[in-house]
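# Per-entry structural report
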Amino acid sequence: HILLISYVIIIFIACSIKKKNIYQSIDTVDYYFENKQLAIEHYKALSKKFPQNAEHHRMLGICYREHGQLDSSIIEFNQSIQLAPNYGNAYAGRASLYLKMNLLPEAKKDCDLAIHFNSTALGQVYSILAAIALETNDYKSSLNYLKKANHYSDIVYCSQNNWIKAQNYLNL
C-alpha cells in the first residue's frame, strides 16, 4: 500500500504543476480563448474562407465546445474528420466533447482512434481515458492513464475530484 500511495502522490504533484496550454502552437489562440466569441468569429471566418481545411473546423469545434455550444461543436468536429479521416487531433477534440456530454463509449472510441492516428494531443487523450475509467470505478486503469497523460504531454486535465476518486482505489 505504501508504494501505491507514493505513486498517487507523485502523479498528483506532477498533475498539479501548471502546464502549457495545448493550443499555444497557434499564435493567437490564447487571446481568442480569453475572448471566446471572438474566437468563434475568427475560426468561423477561416472555415468559410478555407472550407477544405480540417484544422480550421477542428479549432471552431473547440471554440464552440468551450463556449458551451455543443451541437455546433459536434458539427465542426465531424466536418474536420470527414475532411481528414486520419487526423488524430480531430478525434481527440471530439472525444473531449463526448466526455463533456457524458457519452463515454463514444469518447473511448474516439480516444482509441486518436491514438491510432498518432494524435499530437496524447496527454489530452489519456486524460480523457482516465476520466472514463474513473466513471466506471476502474481506479487502477485511471491511475495508469493519468501517468501516461503526464508522460506524453505538457497538458494534463486533472481535478481534485478525480484524485479523490483515484485514491479510493487504495482503500479497496
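Right, let's get into the packing of aromatic side chains. By the definition in use, this model includes 2 aromatic pairs. Between Tyr91 and Phe117 the ring centres are 5.6 Å apart and the planes differ by 20°, which places this aromatic pair in the stacked class. Separated by 26 residues along the polypeptide, Tyr91 in helix H6 (residues 88-100) and Phe117 in the loop between helix H7 (104-116) and helix H8 (122-135) bring together distant segments of the chain.

So, about H6. With 13 residues, H6 extends 19 Å from end C-alpha to end C-alpha; this agrees with the ideal 18 Å at 1.5 Å per step. With respect to burial, H6 is a largely interior element, 11 of its 13 residues being buried. If you check which residues of H6 are buried, you get Gly88, Asn89, Ala90, Tyr91, Ala92, Gly93, Arg94, Ala95, Ser96, Leu97 and Tyr98. Positive phi appears at Asn102, one or two residues downstream of H6, with a value of about 60°.

As a further point, take the environment of Ala114. Among the structural elements, Ala114 can be located in helix H7. What makes Ala114 buried here is its relative accessible area of 0%. Once the C-alpha coordinates of Ala114 and Val125 are considered, the two residues, 11 residues apart in sequence, prove to be 7.3 Å apart. Beyond its immediate sequence surroundings of up to four residues, Ala114 is in contact with Gly88, Tyr91, Ala92, Ser119 and Val125.

How each quantity is defined
Residues numbered from 1 in each chain as written. Predicted model: local features only at pLDDT ≥ 70, side-chain atom pairs only at ≥ 80, totals over all residues. Heavy atoms only, no water. Phe/Tyr/Trp six-rings, centres within 6.5 Å; stacked < 30°, edge-to-face > 60°. Helix = DSSP H or I, 4+ residues; strand = E, 2+ residues; numbered from the N terminus. Expected span 1.5 Å × (residues − 1). Buried < 20%, exposed > 50% of the residue type's maximum accessible area, 1.4 Å probe, protein only. Contact = heavy atoms within 4.5 Å.

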